[in-house]
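Summary of the model geometry
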Amino acid sequence: MKSRIHYTKPSITDLEVGYATDAARHGWGDRCYEYINRFEELFKQHLGAKYAIATSSCTGALHMGLAALGVGPGDEVILADTNWIASAAPITYLGAKPVFVDILQGTWCIDPALVESAITPRTKAIIAVHLYGNLCEMDKLAAIGAKCGIPVIEDAAEAIGSIYRGKRAGTIGKFGAFSFHGTKTLTTGEGGMFVTNDDAFYEQVLTLSNHGRARGQIKQFWPDRVGFKYKMSNVQAAIGCGQMERVEELIARKREIFAYYRRHLECLPGVSMNSESEDMIIGAWMPTAVFETQTGVSREALQAAFAAADIDARVFFHPLSSLPMFEAQRGNFFAWDIPGRAINLPSFHDMTQLQQARVVDVLQSCLEKAS
Ligand SMILES: *Cc1c(COP(=O)(O)O)cnc(C)c1O
């Protein structure tokens, strides 16, 4: 009997289990920050970033970073309509308004030209989300940001392993935020990381992350301002240390799985996948197949076919502006059009080639049925 194919599953080995066990046994008292410090160190080294602060989530890292930028009531923050709610929610926590613009047809990431036309005197930040590990056009966004004096920040939650013109995703903007949720390439169960190369900005966020207590403050229990509590635990960080020792392996496997799909799917008429241009390498967190409208293949048909084959189907993100709490931006053509003819493909570390072949078969039969 064929078994169910899940779409993601973490890869946890004896290494992670060993560190987590050690943290649970010994990581208390004087040693309660050991794994956290090591995890931050390993992460910085991997990225080539100057500073890193481990957090309880990417959402928390974004919230603190946006707060440190001074985003507040009445302000606007521009991001792509195609996104997970976690990229927009922190904007609303601060009383600001997310402004949703359309994506590029090829990368499914924010369209820089539309960013420029969406800027108003109230715009406080631009969030570049590297969707599914695909890369935003950071040079263009940086140029717009520099011209208008607006910081560009990176939600790199899905972009471990993604490299843009020699720089790792998350290290290019004012700050970067990562997620180690159980579905991500590198996981601690729940968790995140704030990353920056800016000395003063790091100090500011470090203070915020410690309930507003500045590093040099000698008075005990003395916050200088209201901050946040988005810390990662030592046990989680221990798992993260194990994952960091395997980070190249975890990324390489994602890219290998993606390469197999690409080899077998991009030759099919009317099917495209995550795009990767010459000056970038994508981490391939979430291999995704998009069908051209003419193929007649719909999201619903794909979901039904996957269910029948006992394979988890994961839909392409709905446009955030289609959700009940936001104002619909139907003019965002690609963000509204692509999800109806796309699907995310299973891509967990221990997936076999036979399982991948089953996924390819389902997609192929959907195409045949629709034509
Ligand atoms: C997973 C994800 C998040 C949220 O991460 P959490 O750690 O769950 O807060 C944010 N942005 C993107 C793009 C994500 O994929």
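Each remark here, short or long, concerns the structure printed above.
The text that follows walks through the structure, step by step, so that each part is easy to find. It should be emphasised that the depicted structure is a prediction, and the values quoted were computed from it without experimental measurement. (Residues numbered from 1 in each chain as written. Predicted model: local features only at pLDDT ≥ 70, side-chain atom pairs only at ≥ 80, totals over all residues. Heavy atoms only, no water.)

Quick notes on the sheet that holds strand β8 (residues 176–179)
A sheet is described by the order of its strands in space; here seven strands give the open sequence β1-β9-β8-β5-β4-β2-β3, paired in mixed fashion. The open sheet has two free edges, formed respectively by β1 (51–55) and β3 (97–101), since each of these has just one partner strand. Adjacent strand axes in the sheet meet at a mean angle of 25°, parallel and antiparallel pairs treated alike. Note that strand β2 (residues 76–80) and strand β4 (residues 123–129) share three bridges and pair parallel. Of the residues in β4, the one forming a bridge with E76 is T123. In the packing of helix α2 (residues 34–47) onto the sheet, contacts are made with β1, β8 and β9 (192–196), and the angle to β1 comes to roughly 130°. In the packing of helix α4 (residues 85–93) onto the sheet, contacts are made with β2, β3, β4 and β5 (152–155), and the angle to β3 comes to roughly 145°. (Pairing = 2+ DSSP bridges. Helix = DSSP H or I, 4+ residues; strand = E, 2+ residues; numbered from the N terminus. Axes fitted to C-alpha atoms, helices over the stretch in contact; angles between N-to-C directions. Contact = heavy atoms within 4.5 Å.)

Let's talk about the environment of V235
You can see V235 is positioned in helix α8 (residues 234–245). You can call V235 partly exposed: its relative accessible area is 29%. Separated by 200 residues in sequence, V235 and Y35 place their C-alpha atoms 7.5 Å apart. (Buried < 20%, exposed > 50% of the residue type's maximum accessible area, 1.4 Å probe, protein only.)

Examining empty space enclosed by the protein
Taken as a whole and judged by the stated rule, the model has four cavities of 30 Å³ or more. In this structure, the largest cavity spans a volume of roughly 130 Å³. Along the wall of the largest cavity there are 15 residues; nearest its centre are K9, K184, T185, K254 and H349. By residue class, the composition of the lining of the largest cavity is three nonpolar, nine polar and three charged. (1 Å grid on protein atoms, 1.4 Å probe; cavity = no way out; pocket = protein on both sides within 12 Å on 5 of 7 lines; lining within 4 Å. Points joined across faces, edges and corners; volume = space filled by probe spheres on them. Nonpolar A, V, L, I, M, F, W, Y, C, P; charged D, E, K, R; others polar.)

Section: the side chain of E16
If you trace the backbone, E16 turns up in helix α1 (residues 14–26). For E16, a relative accessible area of 0% translates into the label buried. A distance of 2.5 Å separates polar atoms of two side chains, one belonging to E16 and the other to T13. Side chain to side chain, E16 and Q243 meet in a polar contact 2.8 Å long. The contact partners of E16, leaving out residues within four places of it in the chain, are S11, I239, G242, Q243 and R246. (Polar contact = N/O pair within 3.5 Å; in protein donor to acceptor, adjacent residues only side chain to side chain.)

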